[in-house]
Amino acid sequence: MTALLSRMSRIKTGPNGENLGLLALLGLLVLLFSLASPRFLSGANLGSMGFQMPLLGLLTLAMLAPILSGGLNLAIVFTANICGLTLAWTIMQFGGAEAGIGAFILGCALALLVGALAGAAMGAVVAYVGAHPILVSLAMMIFLRGLGEFLTRGGDISGFPDYMRVLGHGSLIGIPVPLILFGLIALGWHVLLRRTPHGFSVYMTGSNMRAAEYAGLNAKRTLVLIYTLSGVLCAIAGILMAARFNSVRVGHGEAMLLITVLACFLGGIDPFGGHGRVAPVIIALVILQVLSSGLNLIGANQHLATAVWGLFLIAVMVLRSGRLRQLIDVFSGKDK
């Protein structure tokens, strides 16, 4: 057991080592749940996972870039909710369930605009005022929650056109449409962060903002764009949420906030910024979804999954700690 922990604690922090470690963990979980329940690898369960994960995935990607920049966006869920409310309000103005596709397109455009404005406002305050991202995003979260509850009086808006079901519940050649949407956005997010000047600026800003400015990068503009794009992803999540649930209300998906942070850290994102990739975070999302679905199939209380997710995060931090390596060497006698 000591030897196993020692090898795990020495997994490289590079992209290949990160992916291999997470893939090994994913394979172990799939094997355990397959043995525990014959329904785990059934088409019905895999399809259900394919419909459930994209929403959490979009919100996680919205959290990813701010963390890479050394910040945080605590307002992702309520930004998604207010964008969903924008779409719902637009559809209701054009007849609700009888609204045409044009109303849906207009509603989506307005939702994306609202998400971008909310993100840009946070980014501008963080960049130009110098306020801490946690406080700024917390203030935006409270504002959007209060605004949403004021506009809906604590209720929900429902009754959307049937064609929206395709986005939330449809399949293409057997693959859930939400999963296809998430895959395309995740690929675009990877290219943006790893293959563009903006992505380079994100990592430089997260590593050392002052050094990035000395290098000639416009770090403030980068921060504004980071939070703007985060808001756009939240808007897409809000649109998908409306299509999935056929209703919109303030607080939908509120429990996902901390799970997005967990997925980022499990996927190797440095909480202080400047390091991390999209691919390990995607694998981490699959791990969390497998864990949730597997526990549900074997009859465990759903709240147990939340507790296990927390233990996962603690275990990951411990395994990545250099202090653990020293303790293992002491017990194994290698320090002599």
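Residues numbered from 1 in each chain as written. Predicted model: local features only at pLDDT ≥ 70, side-chain atom pairs only at ≥ 80, totals over all residues. Heavy atoms only, no water.

The helix and strand tally for the protein stands at 15 helices and four strands. Within the protein, the proportion of its 336 residues that are buried is 48%. Counting contacts in the protein only where the partners sit at least 6 residues apart, residues at least 24 apart contribute 77% of the total. About 16100 Å² of surface is accessible on the protein, with carbon and sulfur atoms providing 68% of the total. (Helix = DSSP H or I, 4+ residues; strand = E, 2+ residues; numbered from the N terminus. Buried < 20%, exposed > 50% of the residue type's maximum accessible area, 1.4 Å probe, protein only. Contact = heavy atoms within 4.5 Å. Areas by Shrake-Rupley, 256 points an atom, 1.4 Å probe, with all protein chains shown as cover.)

Here the idea is plain: a probe the size of a water molecule rolls over the atoms and shows the empty space left. Tallying each qualifying case throughout the model produces two cavities of 30 Å³ or more. Its volume calculated, the largest cavity comes out at about 40 Å³. In this structure, the largest cavity is lined by Phe160, Pro161, Met164, Arg165, Ala242, Ala243 and Asn246. Elements with a contribution of two residues or more to the lining of the largest cavity: helix H7 (164–169) and helix H11 (219–245). When grouped by side-chain class, the residues that make up the lining of the largest cavity number five nonpolar, one polar and one charged. Within this model, the second largest cavity holds a volume of roughly 30 Å³. Elements represented by at least two residues in the lining of the second largest cavity include exactly helix H4 (76–93), H11 and strand S4 (247–249). Partitioned by chemical class, the residues of the lining of the second largest cavity number four nonpolar, five polar and one charged. (1 Å grid on protein atoms, 1.4 Å probe; cavity = no way out; pocket = protein on both sides within 12 Å on 5 of 7 lines; lining within 4 Å. Points joined across faces, edges and corners; volume = space filled by probe spheres on them. Nonpolar A, V, L, I, M, F, W, Y, C, P; charged D, E, K, R; others polar.)

This brings us to helix H6 (residues 133–152). Between its terminal C-alpha atoms H6 stretches 28 Å, which fits the 28 Å expected from 20 residues at 1.5 Å a residue. Within the span of H6, buried status applies to Pro133, Val136, Ser137, Met140, Met141, Leu144, Gly148 and Thr152. When H6 is viewed along its axis, its buried side chains cluster within an angular range of 135° and face the same direction. Structural note: H6 exposes Leu135, Ile142 and Phe150 on the side pointing more than 90 degrees away from its buried face. On its buried face, H6 is in contact with H4, helix H5 (101–129), H11 and helix H12 (256–266). One or two residues past the end of H6 sits Arg153, with phi positive at roughly 55°. (Expected span 1.5 Å × (residues − 1). Arc of directions from axis to C-beta.)

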